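Commentary on secondary and tertiary structure
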Amino acid sequence: MVDLNRLRSELPDKYSVRENFPGLVYKGGGQRKASGTVLLFSNGSIIITGEDNNEIIMRILGDVASDLKSLGCQPREDVGLRVVNSVAQFRIRRPVDIALFAQSTPGSKLDRSRFPAVTWRDPQTGCTIRLFRNGAGVVLGSGDQAKIKQAVYNLYGIITKLGTSQTKRVNTSRTHVISAEGDGKEKKFYWVVNNQVGEGVDRTRLTELLVRLFGPSISKTVMRNLDILIGEQQQYTLKEVGQVLVSLLGEAPTNAFLDRLRRQADDYSL
DNA sequence: AGACTATAAAAGCTTG
DNA sequence: CAAGCTTTTATAGTCT
């Protein structure tokens, strides 16, 4: 049992309440970007979201335990973590006719006026996939990586049978898995990109160029991936930008591709 | 640049 | 008795 009222009244800056919600909300990481947010309940259950690293999760839980101890409580030490959900990202190598997918695939629905992705529940794994026309997608509803990958392969099987689609292959090697845990925790798997020194591209101008080339949404995604894969910087090398674009577009990082990128960057006086 | 659209999941309390 | 509330996260659209 946890005395939530005491925690809230004694440490109001750290533990907050929400209207119509019985849990206490604790922001674990302060200014850190990937800080876990903890939901504490009266029976001692804890939900952690927004953090994928088990060590950080245990540290955050330790912080909460310290606060409880400072109030004279004795929190249990044998904390068990269980993954209850996750958000996994994948990309296939071709645009997908999501309207055709929706009309020919049972268990799918699409309402482009509300959201630009087709939603499909994989009956085998129980995972829900949201697939976008550019081949990007997310897998929801499971923390089990094997099931997540299987769901993507099942989806791929449907897409390849869809008319004349020539989708090449699923890049599950590039799948991020971000899982939320009841009792809390999350996992994230990133593929590694070499960080090389070179001529820098200014962050602001790069953003503007990406908006011009791909539109605001894609630009946002590319910048976010740059921040995650390379690290948030004011300047990126063309090679780094190329690597991230390549990972998103599923194309090989040819010199021609990088030259094209460089020319367009020059045209935009980067 | 940010909010909102939609999705899954857990917790436990409130509302219809 | 089920549904909504709250939190997070990826994805990509529209709109302010």
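Our structure's up above, just so we're on the same page.
In short, a report on the structure. Just so it is clear, the structure is predicted and the values come from calculations on it, not from any experiment. (Residues numbered from 1 in each chain as written. Chains lettered and ligands numbered in written order. Predicted model: local features only at pLDDT ≥ 70, side-chain atom pairs only at ≥ 80, totals over all residues. Heavy atoms only, no water.)

**Concerning the overall build of chain A**
Secondary structure summary: chain A contains eight helices and 12 strands in total. Within chain A, the proportion of its 270 residues that are buried is 41%. (Helix = DSSP H or I, 4+ residues; strand = E, 2+ residues; numbered from the N terminus. Buried < 20%, exposed > 50% of the residue type's maximum accessible area, 1.4 Å probe, protein only.)

**A look at the protein's contact with DNA strand B**
Around DNA strand B there are 19 residues in total, and Ser42, Asn43, Asn85, Arg114 and Arg130 lie nearest to it. Within 4 Å of the protein, the contacting atoms of DNA strand B are 59% sugar and phosphate, with bases supplying the remainder. In the environment of DNA strand B, a phosphate oxygen lies 2.8 Å from a nitrogen or oxygen atom belonging to the side chain of Ser42. A distance of 3.0 Å is found between a phosphate oxygen of DNA strand B and a side-chain nitrogen or oxygen belonging to Lys109. At the level of secondary structure, the elements contributing two or more residues to the surface near DNA strand B comprise β2 (21-27), β5 (82-91) and β8 (128-132). Looking at the surface near DNA strand B, the element that brings in the most residues is β5, giving three residues. Of the residues contributing to the surface near DNA strand B, the split by class is nine nonpolar, six polar and four charged. (Near = heavy atom within 4 Å. Polar contact = N/O pair within 3.5 Å; in protein donor to acceptor, adjacent residues only side chain to side chain. Nonpolar A, V, L, I, M, F, W, Y, C, P; charged D, E, K, R; others polar.)

**As for the protein's contact with DNA strand C**
The immediate surroundings of DNA strand C are formed by 23 residues, with Arg18, Lys27, Val87, Asn134 and Arg224 found nearest. Within the contact set of DNA strand C, a phosphate oxygen lies 3.2 Å away from a side-chain nitrogen or oxygen of Thr37. Separating a base nitrogen of DNA strand C from a side-chain N or O atom of Ser217 is a distance of 2.9 Å. For the surface near DNA strand C, the elements supplying multiple residues, two or more each, are β2, β3 (37-40), β5, β9 (136-140) and α6 (216-229).

**As for the packing of helix α5 (residues 203-214) against α6**
At a minimum axis distance of 7 Å, the contact between α5 and α6 shows a crossing angle of 140 degrees. As far as their axial angle goes, α6 and α5 are oblique. The handedness of the crossing between α5 and α6 comes out as right-handed. Here Arg203, Leu206, Thr207, Leu210, Val211 and Phe214 of α5 come into contact with α6, specifically with Pro216, Ile218, Ser219, Val222, Met223, Leu226 and Asp227. (Axes fitted to C-alpha atoms, helices over the stretch in contact; angles between N-to-C directions. Parallel < 35°, antiparallel > 145°, perpendicular 65-115°, else oblique. Left-handed = near helix turned anticlockwise from the far one by under 90°. Contact = heavy atoms within 4.5 Å.)

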